[in-house]
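# Structure assessment
Each chain, written out:
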Amino acid sequence: MFETGGPTPSRVPAKRVGGIVLAAGAGARMGHRPKCLLQLDGISLLARQLQALSNAGIAEVVLVLGHHAERIQQEACLAQFGARTVINPQTESGHVSSLRVGLQALSSGLDAVIVALADQPLINTQDVADLMGAFADRPEGTQMLQPAVQGLPGNPVMFSWAVGQQILSGDAHIGVRQWQAAQPDSVFRWPTANTHYRTDVDSEEDRLAIETRTGQSLRWPADAIPPTSTL
């Protein structure tokens, strides 16, 4: 095992939870490269995310791909952690279309869904377990949980299976944010000081900031480095 960001929880989740990992973006601000293949101390962000979900007891994980799908599907971690891949043919529509593709691919009979971003380098097993614990203890009447770090929204988010079905039954533009806006009283914004939920890599500045913050290298695999790059 290669995770160093927290212990594997001993508590087994009581509910059957499915996971969706969104990794369909073009990575335009990162040189049109797949951000999920950035390696934190030699381990890809995708592998770290899949390990965190698997170790936390997620029953089924669907990885939604679009741009760079052929390259990402070569990663050994997909088989290692039993993730299924599906392709979003409408990546220009952003996260909403990828979310809906992922929801459609999950098996029926789940109790809840976690939606994670593949470019969050610091999410670990304990973070996912804490999210699931907070969801189990959420206020009565709420069906969706989103971490709130210093009042700002974080990821992953978690919601009941019923919410997922409501999203799918709505118009094509309906995703998590639209559902939250329509039903604010059903959303639990879970206050937490854990900045892992707010840390992602959208730019070169983000990459360098994470290296400085953690003291760990965050580098591209050899086949994703342009010939003139020193990364």
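Refer to the structure presented above.
Residues numbered from 1 in each chain as written. Predicted model: local features only at pLDDT ≥ 70, side-chain atom pairs only at ≥ 80, totals over all residues. Heavy atoms only, no water.

## Some points on the overall build of the chain
Just so we agree on the cut-off: Each helix corresponds to a stretch of at least 4 residues labelled H or I by DSSP, and each strand to a stretch of at least 2 residues labelled E; elements are numbered beginning at the N terminus. Type-normalised accessible area, obtained with a 1.4 Å probe on protein chains alone, sets the label of each residue: buried when under 20%, exposed when over 50%, and partly exposed for intermediate values. The contact definition used throughout considers only heavy atoms, calling two residues in contact when any of these lie within 4.5 Å. Note on areas: Shrake-Rupley, 1.4 Å probe, and residue coverage restricted to the protein chains presented here. When charges are counted, Lys and Arg are positive and Asp and Glu negative, with His and the chain ends excluded. For charged residues, the charge sits on one atom: NZ in Lys, CZ in Arg, CG in Asp, CD in Glu.
Counting secondary structure elements, the chain contains eight helices and 11 strands. On the principal axes, the C-alpha backbone points of the chain span a range of 55 × 35 × 35 Å. A buried classification covers 52% of the 231 residues belonging to the chain. Sequence-distant contacts, at least 24 apart, represent 74% of the contacts inside the chain between residues at least 6 apart. When the accessible area of the chain is evaluated, it comes to approximately 10,600 Å², of which 49% is carbon and sulfur surface. Averaging the positions of the 17 positive and the 21 negative side-chain charges in the chain gives two centres separated by 1 Å.

## A look at the sheet that holds strand E11 (residues 218–219)
Under the convention used in this document: DSSP calls a pair of strands paired once it identifies at least 2 bridges connecting them.
The strand order across the open sheet built from three strands is E3-E2-E11, with neighbouring strands paired in antiparallel fashion. The open sheet terminates on both sides in strands that have one partner only, identified here as strand E3 (43–44) and E11. Here strand E2 (residues 39–40) pairs with E3 via two bridges, running antiparallel. Considered in E3, the bridge of Leu40 is made with Ile43.

## A short note on the packing of helix H4 (residues 95–105) against helix H6 (residues 161–169)
Rule in force here: Note on geometry: axes are lines fitted to C-alpha atoms, helical ones only across the stretch in contact, with angles between N-to-C directions running from 0 to 180 degrees. An angle below 35 degrees is read as roughly parallel, one above 145 as roughly antiparallel, one from 65 to 115 as roughly perpendicular, and any other as oblique. Note on convention: the crossing is left-handed when the near helix lies turned anticlockwise from the far helix by less than a right angle, right-handed when the turn is clockwise. Side-chain classes are defined by residue name, with Ala, Val, Leu, Ile, Met, Phe, Trp, Tyr, Cys and Pro counting as nonpolar, Asp, Glu, Lys and Arg as charged, and the others, Gly among them, as polar.
Contact geometry for H4 and H6: axes closest at 10 Å, N-to-C directions at 120°. For the element pair H4 / H6, the angle class is oblique. The chirality of how H4 crosses H6 is left-handed. Counted together, Leu99, Arg100, Leu103 and Gln104 of H4 and Gly164, Ile167 and Leu168 of H6 form the full contact between these two elements. When the residues that make up the contact of H4 with H6 are grouped by side-chain class, the tally is four nonpolar, two polar and one charged.

## Some words on the side chain of Ser44
As for its position among the elements, Ser44 is in strand E3. When its relative accessible area of 7% is taken as the criterion, Ser44 is described as buried. Excluding anything up to four places from it in sequence, Ser44 contacts Cys36, Leu37, Leu38, Gln39 and Glu75.

## Quick look at the pairing of strand E7 (residues 144–149)
Residues in a regular strand project their side chains so that they alternate between the two faces of the sheet. Most of E7 sits inside the fold, with six of its six residues counted as buried. Judged by which residues are buried, E7 turns out to be covered on both faces: Met144, Gln146 and Ala148 on one side and Leu145, Pro147 and Val149 on the other are all buried. When E7 meets strand E9 (residues 157–160), the two strands line up antiparallel, connected through two bridges. Its bridge partner being in E9, Met144 is matched across the sheet by Phe159. Direction of pairing for E7 relative to strand E10 (residues 187–191): parallel, over a ladder of five bridges.

## Some remarks on the layout of surface pockets
Rule in force here: A pocket here means an open set of points on a 1 Å grid, computed over the protein atoms alone, that has protein on both sides within 12 Å along at least five of seven lines. A cavity is instead a set of points where a 1.4 Å probe fits but cannot get out; residues with an atom within 4 Å of a point line either one. Grid points are joined across faces, edges and corners, and a volume is the space filled by probe spheres set on the points.
By volume, the largest pocket amounts to about 1,000 Å³. Those elements giving two or more residues to the lining of the largest pocket turn out to be strand E1 (17–23), H4, strand E6 (112–117) and helix H7 (176–182). A class-by-class count of the residues in the lining of the largest pocket yields 17 nonpolar, 16 polar and eight charged.

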